Amino acid sequence: MSAQRIEGKQISDAIRAEIVQETAELKKKGIVPGLAVVLVGEDPASKVYVGSKAKACEQLGFYSEVHRLAENTSQSDLLALIEKLNKQDSIHGILVQLPLPKHIDEKAVIDAISVHKDVDGFHPVSVGNLVIGDVSLLPCTPAGVIEMIKRTGIEIAGKHAVVIGRSNIVGKPVAMLLLREHATVTVCHSKTPNMEEIARTADILVVAIGKAKAIGASYVKPGAVVIDVGINRLEDGKLAGDVDYDAVLETAGYITPVPGGVGPMTITMLMLNTLKAAKQTHAIGV
Ligand code: NAP
């Protein structure tokens, strides 16, 4: 039997409808969630992402500001802008689009964002809070992965989850969130010797390695939940995940497609973080 597709677009639309409702409630109290997006330079992909984020703000009724800075902007000018946004009451979330030009120290920039406005969830304090299980703004793609699994009605507690990939933006935080949800978690990476064997023991397999179609059916336990975070551009211009979708379809129990799986969740979780930040600022329960 074919795996059930987990439709990220549909789940994302449902969350957005909830955000619209909550935003309307907040507006009655005179609060408008506000997001500032900062783009430095002319990276074409980054420009598209920034445009999508601004559009999402508009659709959901948020206030937004897009700061487009020249490629040669100095680090001190960028830090000064962040400092200004940290103090600006109309802004509840600050997102600096990565990657930054080489002359700017990304860590210094992330560290400068107020932890209360860290809607990307990359600030070391947010990461620390995630690890110790304190309230924090969660990184968007990993939070989206958990939300998709939960909203599909899949129980995480007690399951064996295997995460392939250990990046700071996806693999590690996904692993921490799965642990928080009471899964038993194994993390694999490029130096893991018997990865195929380990992956085959997973009830929930999350793949984030950035290698098109690298994970085939031999990595998947029959009936497993397969979450494919990868987004890879093929030579023919089409998008593919890190999982060989067609090959895995008959083995997995659930699978996320690419495109239309994890991808649509990421911006939606950014919007949810901005809403949460606005509520936290005004001490409204989250
Ligand atoms: P990354 O920073 O390049 O990290 C890749 C990780 O995968 C590393 O930990 C690496 O191991 C591991 N890895 C690479 N090749 C491997 C292999 N053959 N076997 C086992 N492990 C391997 O990538 P990332 O930022 O996490 O992104 C991963 C993918 O997710 C990319 O396709 C990216 O485009 C996509 N992505 C999607 C979204 C979304 O919104 N859907 C968001 C973010 C990223 P080592 O640590 O040992 O080098």
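Anything mentioned here points back to the structure above.
Residues numbered from 1 in each chain as written. Predicted model: local features only at pLDDT ≥ 70, side-chain atom pairs only at ≥ 80, totals over all residues. Heavy atoms only, no water.

1. What to know about the overall build of the chain
- Secondary structure assignment for the chain yields 10 helices and 11 strands.
- Computed over its C-alpha atoms, the radius of gyration of the chain comes to 19 Å, within 12% of the 19 Å expected for a compact globule of 286 residues.
- Reported as C-alpha extents along the three principal axes, the dimensions of the chain are approximately 50 × 40 × 35 Å.
- When burial is assessed residue by residue, the chain has 48% of its 286 residues classed as buried.
- Counted over contacts in the chain with a minimum sequence separation of 6, partners at least 24 positions apart contribute 69%.
- Only carbon and sulfur atoms are counted for the fraction: they give 55% of the accessible area of the chain, which is about 13300 Å².
- In the chain, the 30 positive side-chain charges and the 32 negative ones have mean positions that sit 2 Å from each other. (Helix = DSSP H or I, 4+ residues; strand = E, 2+ residues; numbered from the N terminus. Rg over C-alpha atoms; globule rule 2.2 N^0.38 Å. Buried < 20%, exposed > 50% of the residue type's maximum accessible area, 1.4 Å probe, protein only. Contact = heavy atoms within 4.5 Å. Areas by Shrake-Rupley, 256 points an atom, 1.4 Å probe, with all protein chains shown as cover. Lys, Arg positive; Asp, Glu negative; His and termini not counted. Charge placed at Lys NZ, Arg CZ, Asp CG, Glu CD.)

2. Some remarks on the pattern of salt bridges
- Per the counting criterion, the structure on display carries 12 salt bridges.
- Close ionic contact of R5 with E7 constitutes a salt bridge, the shortest N to O distance being 2.8 Å.
- On the basis of relative accessible area, E7 is assigned to the partly exposed category, the value being 26%.
- With a shortest N-O distance of 3.9 Å, R200 and E196 are connected by a salt bridge.
- With relative accessibility at 38%, the residue R200 sits in the partly exposed group.
- Connected through shared salt-bridge partners, E18, E147 and R151 make up one network. (Salt bridge = Lys/Arg side-chain N within 4 Å of Asp/Glu carboxyl O.)

3. Thoughts on the sheet that holds strand β8 (residues 225-228)
- Here six strands make up an open sheet; going across it, the order is β1-β11-β8-β7-β5-β6 and the pairing parallel. Looking at the sheet topology across the chains shown, the edges are occupied by β1 (4-5) and β6 (184-188).
- As paired elements, β8 and strand β11 (residues 254-255) share two bridges and run parallel to each other. In the sheet register, V226 faces β11, and the bridge partner there is I255.
- Across the sheet, helix α7 (residues 171-180) lies against β5 (160-164), β6 and β7 (204-207), angled at about 170° from β5, the strand it touches most. (Pairing = 2+ DSSP bridges. Axes fitted to C-alpha atoms, helices over the stretch in contact; angles between N-to-C directions.)

4. Remarks on the sheet that holds strand β2 (residues 34-40)
- Spatially, three strands are ordered β3-β2-β4 in an open sheet, and the strand pairing comes out parallel. Each edge of the open sheet is held by one strand with a lone partner, namely β3 (63-69) and β4 (93-96). Strand-to-strand twist across the sheet, computed as the mean angle between neighbouring axes with direction ignored, equals 15°.
- Direction of pairing for β2 relative to β4: parallel, over a ladder of four bridges. Across the sheet, L35 pairs through a bridge with G93, a residue of β4.

5. A look at the site of the ligand
- Around the ligand, a shell composed of 21 residues is seen, among which R166, S167, S190, K211 and T266 lie nearest.
- S167 has a polar side-chain atom sitting 2.5 Å from an oxygen atom of the ligand.
- Taking T266, its side chain carries an N or O atom lying 2.7 Å from an oxygen atom of the ligand.
- The class makeup of the residues in the shell around the ligand is nine nonpolar, 10 polar and two charged. (Near = heavy atom within 4 Å. Polar contact = N/O pair within 3.5 Å; in protein donor to acceptor, adjacent residues only side chain to side chain. Nonpolar A, V, L, I, M, F, W, Y, C, P; charged D, E, K, R; others polar.)

6. Thoughts on the pairing of β6
- By the bridge criterion, five bridges tie β5 to β6 in an arrangement that is parallel. Following the sheet pairing, I164 is matched in β6 by C188.
- Between the parallel pair β5 and β6, the chain is carried across by α7, and the sense of this crossover is right-handed. (Right-handed = clockwise from strand over helix to strand, strands pointing away.)

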